[in-house]
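# Secondary and tertiary structure notes
Chain by chain, the residues run as shown.
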Amino acid sequence: MAKQTRPAKPAAHQPKPNAEHSNQGQLPAAVADFFQNVQMQALAIFIFACLLYANTLRHQFVMDDAIVITDNMFTTKGASGIGGILTEDTFFGFFKERGKEALVSGGRYRPLTLVIFALLWQVTHGPFAFHLLTVVLFGACCVVLFKTLRQLLDNQSFVLANYVPFFATILFAAHPIHTEVVANIKGCDEILTLLLSLGALFFALKSARENSTKGNMLAAGLLFLAMLSKENAVTFLGIIPLALGLFTEIGWGKSLARTVPFFVAFAVFFAIRTSILGFHFGAEPMELMNNPFLKLVNGEWVKFAPIERFSTIFYTLGKYVMLLFFPLTLTHDYYPRHVDIMQLGNPAVLGSILLYVALGYLAVVNFTKNRVVSFSILFFIFTLSIVSNIVFPVGTNMGERFAFMPSVGFCLLVSFLLFSWFKNGKNLSTPMVLTGIVTLLFSIKTITRNPVWESNDRIFLTDIKTSKNSAKLCNAAGGTLVDGAFKEKDEAKKSAMLAEAAIHLNNAIKI
């Protein structure tokens, strides 16, 4: 089997071949060969990622798929609707009435995914092709993540450069928190954004090492397309120069200079977005289902006190980290009041604040001592910041889909620490086995969570058990039960369904 030949490194970053190659020598020959064959690893990652979500291929269109596909007047025109997609707010095609799209704070301009949906709708109207597209895009995203991490860690030691990218990627592929993105077709915008953003990072690193202007321009073009998929790609304006400064030999000055085309790409995107949506970026509606930071006082909706808002946001920031470590209880709905009004004295809020202070401290102290640790933490913080409700409101307290991009930093950090701690042991089996066990547990959770996304009825009636205090989900579950009751012939079952529906609907009104 052909082996990958690694280029020579500058003396300051030469790997330690003797100790680390001998560690690899403790592995079976087939395993050692596998970790020398980059293309074989990439193929294995793609197949693994796709198989994890193969049980979603027969699912229906659900939830927000209506907004971007089935009830969107532009998407359902096929290719002839692309003009409308490119010149209107992303949600205008669903609302079909001028001004209603403004209900969503700040507006949305994400035409690239809808263009792809429109082209696919031109060929077929069935959900199978759309789910297949989503699964294949996710597999491709995982491959690009793997290749990008190899490029990022190219100047690290042999073990870290050859093993961490693979194991970080399979952790990412298997993580159950991603089921909302991959099992729900609308999540294509998240997948495409990360895929293109990582592609931009890959070519930025590669072109910097090769001193290539053409490669850097390609990277800027990919980031522009990523921003057309979803606005959170803008966080890579910070991530790319950070990666160049930490992991290449060109220095911070040249790293910043090479990011100029990326800022030009952002300026073009922002100009297009502003010309279509106007400059209404981040205005907060005074309506609870589109602004979770409202409370009822004397019969009127008023904004949270600053300390309440701060505390509630930090509670959700801590919740993201908890779900990344322990994705046991998942839900698609974090609307009011699944996340309640938090106070600063709440132990979960205080714990979250301390956690992020500690993360910030570790990022700073490791900036020169351990660049991978620092980069992983900053990647997580940068990409989470834009959906945290700190920078601007996102219309809900939190969402598992918002962890899709930040989880890259989490998976990189976990894999890196495992292999760093055990790399000087007798062999590499310990970190490989530990990562394998976590990947297996994550995979089981992912595969068993996927069927919940089969239909609206199933997702609503499953997640209401978790999000009991979400007004939005109480309303949806209640409506689903009422609809089902009218179709039920057994009078006893019908009465039970209507009684349960009444509980949910009354709770929605109360909230």
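One can find the structure itself at the top, above this paragraph.
Residues numbered from 1 in each chain as written. Predicted model: local features only at pLDDT ≥ 70, side-chain atom pairs only at ≥ 80, totals over all residues. Heavy atoms only, no water.

## Topic: the overall build of the protein
- For the protein, the count of helices and strands is 23 helices and 2 strands.
- Over its C-alpha atoms the protein spans a radius of gyration of 24 Å, differing by no more than 12% from the 24 Å that the globule rule assigns to 511 residues.
- The principal-axis extent of the C-alpha atoms belonging to the protein is close to 75 × 55 × 50 Å.
- In the protein, which comprises 511 residues, the proportion classed as buried is 54%.
- At a minimum sequence separation of 6, the contacts of the protein that also span at least 24 residues come to 74%. (Helix = DSSP H or I, 4+ residues; strand = E, 2+ residues; numbered from the N terminus. Rg over C-alpha atoms; globule rule 2.2 N^0.38 Å. Buried < 20%, exposed > 50% of the residue type's maximum accessible area, 1.4 Å probe, protein only. Contact = heavy atoms within 4.5 Å.)

## Quick notes on helix α13 (residues 236-247)
- Its 12 residues place the ends of α13 15 Å apart at the C-alpha level, agreeing with the 16 Å of an ideal helix rising 1.5 Å per residue.
- For α13, a buried count of 11 out of 12 residues is recorded, marking the element as mostly surrounded by other parts of the structure.
- By the burial criterion, the buried members of α13 are Phe236, Leu237, Ile239, Ile240, Pro241, Leu242, Ala243, Leu244, Gly245, Leu246 and Phe247. (Expected span 1.5 Å × (residues − 1).)

## Regarding the nonpolar core
- Phe138, Tyr163, Leu223 and Phe375 are the most contacted members of the largest nonpolar core, which totals 134 residues.
- Take this core: its biggest share by element is 13 residues, from helix α9 (residues 158-174).
- Counting 12 residues, the second-largest nonpolar core is a separate cluster that includes Val452, Ile459, Ile464 and Ala477. (Core = buried A, V, L, I, M, F, W, Y, C linked by side-chain atoms within 4.5 Å.)

## Quick word on the side chain of Asn397
- Its place among the elements puts Asn397 in the loop between α18 (371-385) and α19 (407-422).
- The contacts of Asn397, once residues within four sequence positions are left out, are Pro292, Phe293, Thr312, Thr316, Tyr334, Tyr335, Pro336, Val339 and Asn389.

## Some details on helix α17 (residues 347-369)
- The end-to-end C-alpha distance of α17, which contains 23 residues, comes to 32 Å, matching closely the 33 Å that a straight helix rising 1.5 Å per residue would cover.
- Within the span of α17, buried status applies to Val349, Ser352, Ile353, Tyr356, Leu359, Ala363 and Asn366.
- One side-chain oxygen of the residue at the start of α17 lies 2.8 Å from the amide nitrogen of Ala348, identifying that residue as Asn346. (Polar contact = N/O pair within 3.5 Å; in protein donor to acceptor, adjacent residues only side chain to side chain.)

## Thoughts on the packing of α19 against helix α20 (residues 429-449)
- Axis separation between α19 and α20 bottoms out at 8 Å; the angle between their running directions is 150°. Taken together, the axes of α19 and α20 are roughly antiparallel relative to one another. Between α19 and α20 lies a crossing of right-handed hand. Residues Leu418, Phe419 and Phe422 of α19 form the contact with α20, whose participating residues are Thr430, Pro431, Met432, Leu434 and Thr435.
- The residue inventory of the contact of α19 with α20, partitioned by class, reads 6 nonpolar, 2 polar and no charged. (Axes fitted to C-alpha atoms, helices over the stretch in contact; angles between N-to-C directions. Parallel < 35°, antiparallel > 145°, perpendicular 65-115°, else oblique. Left-handed = near helix turned anticlockwise from the far one by under 90°. Nonpolar A, V, L, I, M, F, W, Y, C, P; charged D, E, K, R; others polar.)

## Observations concerning the environment of Ile444
- With respect to the element layout, Ile444 can be found in helix α20.
- Counting along the chain gives 270 residues from Ile444 to Ala174, while the straight-line C-alpha distance between them is 8.6 Å.

## Regarding the pairing of strand β2 (residues 300-303)
- Direction of pairing for strand β1 (residues 294-297) relative to β2: antiparallel, over a ladder of 4 bridges. By the bridge assignment for β2, Val297 is matched with Glu300.
- Between β1 and β2, which follow one another and run antiparallel, lie 2 residues, and Asn298 among them has a positive phi close to 55°. (Pairing = 2+ DSSP bridges.)

## Some details on the pattern of salt bridges
- For the structure on display, the rule yields 10 salt bridges.
- Ionic pairing is found between Glu210 and Lys206, a salt bridge with its closest N-O pair at 2.9 Å. Taken as a pair, Glu210 and Lys206 lie in helix α11 (residues 188-210) at a separation of 4 residues, close to a single helical turn.
- You can call Lys206 partly exposed: its relative accessible area is 30%.
- Each of Arg110, Lys186, Asp189, Glu231 and Arg273 takes part in a single network of salt bridges with overlapping partners. (Salt bridge = Lys/Arg side-chain N within 4 Å of Asp/Glu carboxyl O.)

## Brief notes about the packing of aromatic side chains
- Tallied over the entire structure, the rule returns 29 aromatic pairs.
- Centre to centre, the rings of Tyr53 and Phe138 are 5.3 Å apart; their planes meet at 80°, and the pair counts as edge-to-face. Remark: Phe138 occurs in helix α8 (residues 127-152) and Tyr53 occurs in the loop between α3 (38-52) and α4 (65-70); sequence separation between them is 85 residues.
- Take Phe138: its relative accessible area is 0%, and that puts it in the buried class.
- Among the aromatic residues, those joined into a ring-pair cluster are Phe34, Phe35, Tyr163, Phe166, Phe167 and Phe419.
- Positioned over the ring face of Phe293 is Arg309, at 4.4 Å from the centre of the ring.
- Seen from the ring of Phe402, Arg401 lies directly overhead, with NZ or CZ sitting 4.5 Å from the centre. (Phe/Tyr/Trp six-rings, centres within 6.5 Å; stacked < 30°, edge-to-face > 60°. Lys NZ or Arg CZ within 6 Å of the ring centre and 35° of its normal.)

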